[in-house]
Structures are given as C-alpha cells and as structure tokens.
Amino acid sequence: MGRFCQDRRKKSFYFFIFISAVPIMGALLVFLYSYSYIKKDIDFKSHELKGLGVIAQIQKSVFALQKLRGLNCIETPNEESLKNMDALKMDVIKQMNALQATLLKINKEIPLKKEIYDLAQQIKILEFENYDFHQFSQTIETLLALSKHVSYHSDLVFEQDLKSFLLVRNVVFIIPELIEYNGLIRAATVSFSNGAIATNREQQLSTLLEKIEDKLKELDFNSFMLKNSDSEYEKIKATSAHVKEAQYEITKFAVQSILNPEGVKLEPNGVFKEVTKNLDFIVEMHEADFVVLQERLRDELKKSELYKMLAVVFLVVCVGFVLMINRVFYVKNREYIDKIEELTITDPMTMLYNRRYFDEIFESNLRLQQRTGQPLGFIIFDIDFFKLYNDTYGHQAGDHTLKSVAGCTQKSLKRATDMAFRLGGEEFGILCLGVDEKQILSFAQQIRENIEALNIEHKSSAVKSCVSVSMGVVVASKEDKKSSTEIYKLADDALYEAKERGRNRVVLFSKSSLSC
C-alpha cells in the first residue's frame with residue numbers, strides 16, 4: 001500500500017510493543033521481587049551451612065580435648081591410657097588443621113575467623129603433658145564459646161523453621177554442654193589421690209548433676225517437638241534411648257560411688273574407660289542430630305535453588321506467553337485492519353485506490369519529494385466518449401469496461417512506487433515518484449497503447465472503433481514548490497489540451513508552463 005501504509009504499520013507495531021511491554025514489565029517486577037527474596041534465602045542457607053561446618057570442626061576438637069583432659073588427670077596412667085593420650089594429641093592437631101582448612105575455604109570474611117584460626121594455631125603447638133585440669137577446661141570453654149558465637153554470626157540461631165531451630169539448639173548448645181558436664185565428672189573422678197574422692201569436690205559434682213538434669217529436660221522437650229518429623233526423627237530416636245541409658249549409668253556411678261561419703265577405692269584408668277564408654281553414646285547423639293540438621297539445611301538450600309530456577313522459568317514462560325498471545329492478536333488484528341484499510345482506500349468496482357486515498361498519497365509524496373528532491377510525476381486520463389459508450393452499450397457494459405481499463409492500468413505499472421487511482425467516474429490517475437518528463441511520457445504512451453490493445457468495441461467513438469483514452473501528464477520538481485491542487489490543475493489542463501487536439505493522445509504539460 002505504499003509508504004503511507006508502511007507508516008501506519010509502523011505505528012501499529014509500536015502499539016504491539018507497548019501492549020506487550022506492559023504485562024512483561026509486570027511479570028519482570030514479580031520476578032525481581034521473587035528472585036531477590038529467594039536469593040536472600042539461598043544466601044541465608046549457605047551462610048548457615050558454612051557456619052555449621054566451622055562449628056562441627058570446633059566441636060570435634062572439643063570432644064578430643066575433653067578426652068585428653070580426662071586422661072591427663074590420671075596420676076598413674078596405664079599403658080593403654082598413654083597410647084590413647086598420644087593418639088588424642090595427634091587427633092587434636094588433625095582437628096585443628098581441619099578447622100583451619102575449613103576457615104580458609106570461606107571466601108567471605110566472617111567475624112571471629114581470624115580469632116578462631118589463631119586459637120587453632122596456638123592449640124597445635126601446645127605441650128599437653130604440662131597442661132592441668134583448669135587450663136584444659138579454659139581452652140574447652142573458649143572453643144565452646146566461639147562455637148556459640150559462630151552460630152549467631154552465621155544466623156543459625158535465627159533459623160525460622162522450628163525443627164531446624166530445635167536441632168541447632170541441640171547441636172550447638174544443649175548436647176555440647178551436656179557432654180562437657182559429664183566430661184568434668186569424668187576428669188574429677190580420675191583425679192583423686194589415694195584412691196578416694198576429695199571432699200571439696202562433692203559440692204561441684206552435685207552441681208554438675210543438677211545441670212545435667214536440666215539439659216536432659218531440654219533434650220526431652222526438643223525430642224517431643226521433633227516427633228512428627230517422620231524419618232528424620234527415627235535417626236535421632238535411635239540414639240536417644242542409648243543416651244538416656246548412658247546418662248543414667250554415669251549419674252548412678254557418680255551418686256553411688258563418687259559421692260559416697262565414706263569414700264570408695266577406685267582405679268582411675270577403669271573409671272575413665274567406663275565413663276567414656278557411656279559418654280560416647282551422648283557424642284553419638286550429637287553426631288546424629290548434626291547429620292539431620294545438615295541434611296535439612298541442604299534440602300532447604302536445594303529447594304530455594306529450585307525455586308530460583310522456577311522463577312527464571314516463570315519469567316521466560318510469561319514473556320513467551322505474552323509475546324505469543326500478543327503476536328497472534330497483532331497478526332489477526334493486523335489482517336482485519338489491513339482489510340478494513342483496503343476497503344476504505346480501494347474503489348470497490350475497479351479495485352484501484354480511491355480518490356480519498358489519492359489525496360493522502362499525493363500530499364505524502366509531495367512531502368517526500370521535498371526531503372529527497374526526486375521529481376513527482378502525475379498522469380490523469382479518462383475514457384474517450386464514455387457517456388456515449390454507456391448510452392450505446394448500457395451501464396453494465398460500462399462498468400465492465402471500467403474494470404478492464406483499471407486492470408490494464410494496474411498491470412502496466414512498472415515500479416513498486418507507481419500507484420494507480422480511480423479519481424471518479426471514468427477518470428483515472430497515476431502517481432510516479434522519481435521520473436523525468438521523458439520517462440513519464442513514454443510510460444503514459446505505453447499505458448494508452450495497452451488500453452487501446454484491449455480492443456473493446458466502441459462504435460460511438462469519434463476517434464476509434466474501440467475504447468481509447470486521453471491523457472494529461474505533468475512532472476513537478478522540488479524547485480517548483482507547487483501544491484497538490486496546483487499540480488492536479490496543471491495535469492487537468494494537459495488532459496483538456498489532449499481532448500482539444502483530437503483525443504486518444506498524451507499531452508505533457510511543459511516545464512515553462514509549470515513555472516508560469
């Protein structure tokens with residue numbers, strides 16, 4: 001439909017972009033909000049897992065130091081105890097190396113990182129054989145305190161999931177404290193002289209047993225809250241029964257033997273072995289809780305990562321859906337609009353462009369001519385003695401002739417920019433952009449000959465026995481600066497001149513005439 005219709009299509013396409021952009025922007029906003037929320041959750045879980053890894057290494061070191069403290073309190077260790085001491089020293093160094101390696105893997109600087117790393121370095125070079133009970137206890141207390149601090153800095157204590165929060169309480173606070181209280185009892189029971197417990201230790205042991213009772217109550221409450229966690233609880237339940245039995249044995253041993261006011265002769269190495277055997281069940285529960293907690297956090301992290309992927313898929317699907325729906329709507333709507341536009345700009349009989357569209361295109365081509373400097377050619381013609389043709393053959397035949405002349409004219413157009421119009425009645429027009437006088441004159445002559453070659457009978461014509469046309473041609477250059485009305489008038493004058501000269505001919509309005 002020419003450049004004018006292309007402009008309309010462009011505007012329609014811009015509208016398509018607009019109606020597509022609005023829902024896409026909405027989907028993008030939802031995506032950005034969801035993605036940022038999920039990203040924060042992923043960072044939160046990752047931070048928790050990194051902190052949990054540091055805590056696990058600290059607590060493994062603590063458990064080894066607690067055993068080493070107990071053995072170191074034996075005044076006359078046997079051969080087995082000495083071997084265990086050497087193995088535990090190596091284990092402590094190994095755990096300190098592992099702790100330092102874990103810290104180094106954490107790229108982001110975290111609070112206490114340097115403090116924990118330096119403390120691990122100091123512990124590695126300690127001479128444990130010269131360490132006494134209080135020095136061991138102070139080191140263990142420092143490590144446990146750091147473990148708790150890490151749980152705060154890594155957001156573990158702020159875990160929103162109840163079951164995970166309870167497991168954090170078990171792993172970081174309750175069970176390590178329970179193990180330490182029992183470890184203190186173990187150290188105290190093997191550090192007596194002359195085979196009897198010193199009287200000044202009785203009050204301390206009674207206090208420890210009370211604290212142990214409090215921790216057991218906390219564990220029972222947490223276990224009750226964790227009962228509905230299905231398979232996860234089964235892993236904890238399996239060790240929970242052993243813990244109660246082990247703690248009962250340790251407590252019974254302390255009450256019946258250690259706190260006997262008359263004093264009971266005990267062999268320290270045997271005491272250490274017996275208490276450690278029961279204490280290992282509590283450590284086992286700690287490890288079970290830790291594994292469950294770690295699995296829960298990893299599962300939650302995987303879910304968050306899945307949600308992040310689904311958010312991306314959601315955005316892609318939404319954008320694709322919007323573009324597809326709007327594309328279908330645009331194509332169908334464009335078809336209807338094109339059809340309507342075609343009906344509004346097309347003459348229904350001849351299927352050439354109508355007079356209304358001619359006026360729009362004429363003005364559009366003149367503006368284009370002013371920008372590009374190309375000459376604009378206009379041909380106007382009508383059928384010779386067409387009224388007599390209708391009187392002779394009837395209006396139905398006249399309509400048929402109009403269609404034939406229009407079809408011949410349309411077929412004679414040579415370039416995409418050439419456009420043919422029915423201006424009214426038997427009058428037609430052709431607009432040609434970028435042609436000179438010689439080219440348009442030759443073009444007009446060719447059309448006139450093609451119409452004459454149709455050999456449509458017209459016995460009422462005074463010039464030919466067949467249908468013929470008379471043409472007026474004008475070429476306007478950029479310098480002429482004529483309006484469409486003026487150019488039309490000049491072409492119409494040329495058409496009048498063609499009729500005056502005998503019809504069935506082409507008359508070119510001269511440049512000198514245009515300039516007058």
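Note: the structure precedes this text.
First, a word on what this report is: a plain description of the structure on this page.

Quick notes on the rules
- Residues numbered from 1 in each chain as written.
- Predicted model: local features only at pLDDT ≥ 70, side-chain atom pairs only at ≥ 80, totals over all residues.
- Heavy atoms only, no water.
- Patch = residues over 30% accessible without salt bridge, like charges linked within 9 Å, V, L, I, M, F, W, Y side chains within 5 Å.
- Areas by Shrake-Rupley, 256 points an atom, 1.4 Å probe, with all protein chains shown as cover.
- Salt bridge = Lys/Arg side-chain N within 4 Å of Asp/Glu carboxyl O.
- Helix = DSSP H or I, 4+ residues; strand = E, 2+ residues; numbered from the N terminus.
- Buried < 20%, exposed > 50% of the residue type's maximum accessible area, 1.4 Å probe, protein only.
- Pairing = 2+ DSSP bridges.
- Axes fitted to C-alpha atoms, helices over the stretch in contact; angles between N-to-C directions.
- Contact = heavy atoms within 4.5 Å.
- Expected span 1.5 Å × (residues − 1).
- Polar contact = N/O pair within 3.5 Å; in protein donor to acceptor, adjacent residues only side chain to side chain.
- Parallel < 35°, antiparallel > 145°, perpendicular 65-115°, else oblique.
- Nonpolar A, V, L, I, M, F, W, Y, C, P; charged D, E, K, R; others polar.

### Some details on a nonpolar patch on the surface
Thinking step 1. On the surface, a cluster of nonpolar side chains totalling about 940 Å² of accessible area is made up of L306, Y307, M309, L310, V313, V317, F321, M324, I325 and V328.
Thinking step 2. With respect to the helices and strands, the residue V313 is situated in helix α8 (residues 268-345).
Thinking step 3. Its relative accessible area of 40% is what places V313 among the partly exposed residues.

### Some remarks on the sheet that holds strand β3 (residues 427-433)
To summarise the sheet geometry, strands pair through backbone hydrogen bonds and adopt either a parallel or an antiparallel arrangement.
Thinking step 1. Strand order in this open sheet of five strands is β2-β3-β1-β4-β5, and the pairing throughout is mixed. Each edge of the sheet is formed by a strand with only one pairing partner; in this case those strands are β2 (419-424) and β5 (506-508). Neighbour-to-neighbour, the strand axes of the sheet open up by a mean angle of 20 degrees, direction not taken into account.
Thinking step 2. One ladder, built from five bridges, connects β2 with β3; its direction is antiparallel. In the strand pairing of β3, M419 is matched with L431.
Thinking step 3. Along the sheet face, helix α9 (residues 355-372) touches β1 (376-383), β2, β3 and β4 (469-476) and points at about 135 degrees away from the line of β2.
Thinking step 4. Packing against the sheet, helix α11 (residues 395-412) makes contact with β1, β2 and β3, and its axis sits at approximately 155 degrees to β1.

### Topic: unusual backbone geometry
Note: most residues except glycine have negative phi, and most peptide bonds are trans.
Thinking step 1. Positive phi, normally seen in glycine, also occurs at M351, with a value near 65 degrees.
Thinking step 2. Even without being a glycine, F385 presents a positive backbone phi close to 50 degrees.
Thinking step 3. Inspection of the secondary structure assignment puts F385 in the loop between β1 and α10 (386-393).
Thinking step 4. We classify F385 as partly exposed; its relative accessible area is 22%.

### Describing α9
Thinking step 1. With 18 residues, α9 ought to run about 26 Å at 1.5 Å a step, and its terminal C-alpha atoms sit 25 Å apart, in line with that.
Thinking step 2. Listed as buried for α9 are Y357, F358, I361, F362, S364, N365, L366, L368 and Q369.
Thinking step 3. You can read the cap of α9 off the contacts: a side-chain oxygen lies 3.4 Å from the backbone nitrogen of R356, and it is on N354.
Thinking step 4. G373 lies just past α9 and shows a positive phi near 80 degrees.

### Observations regarding the pattern of salt bridges
A side chain with one charge may pair with a side chain of the opposite charge, provided their charged atoms come close.
Thinking step 1. Scanning all chains against the criterion turns up 25 salt bridges.
Thinking step 2. Ionic pairing is found between D161 and R296, a salt bridge with its closest N-O pair at 2.6 Å. One end of the pair, D161, is in the loop between α4 (133-153) and α5 (162-189); the other, R296, is in helix α8, and 135 residues separate them in sequence.
Thinking step 3. According to the relative accessible area criterion, D161 is partly exposed, its value standing at 28%.

### Examining the packing of α10 against α11
Thinking step 1. Across the interface, α10 lies against α11 with an axial gap of 7 Å and an inter-helix angle of 130 degrees. Here α10 is positioned oblique relative to α11, judged by the angle of their axes. Note on element contacts: α11 touches α10 through H395, A397, G398, T401 and L402, opposite F386, Y389, N390 and Y393.
Thinking step 2. Counted by class, the contact of α10 with α11 contains five nonpolar, four polar and no charged residues.

### Structural notes on the environment of Y353
Thinking step 1. By secondary structure assignment, the location of Y353 is in the loop between α8 and α9.
Thinking step 2. Among the residues examined, Y353 registers a relative accessible area of 21% and is labelled partly exposed.
Thinking step 3. Considering only alpha carbons, one finds Y353 and E342, eleven residues apart in sequence, at a separation of 8.4 Å.

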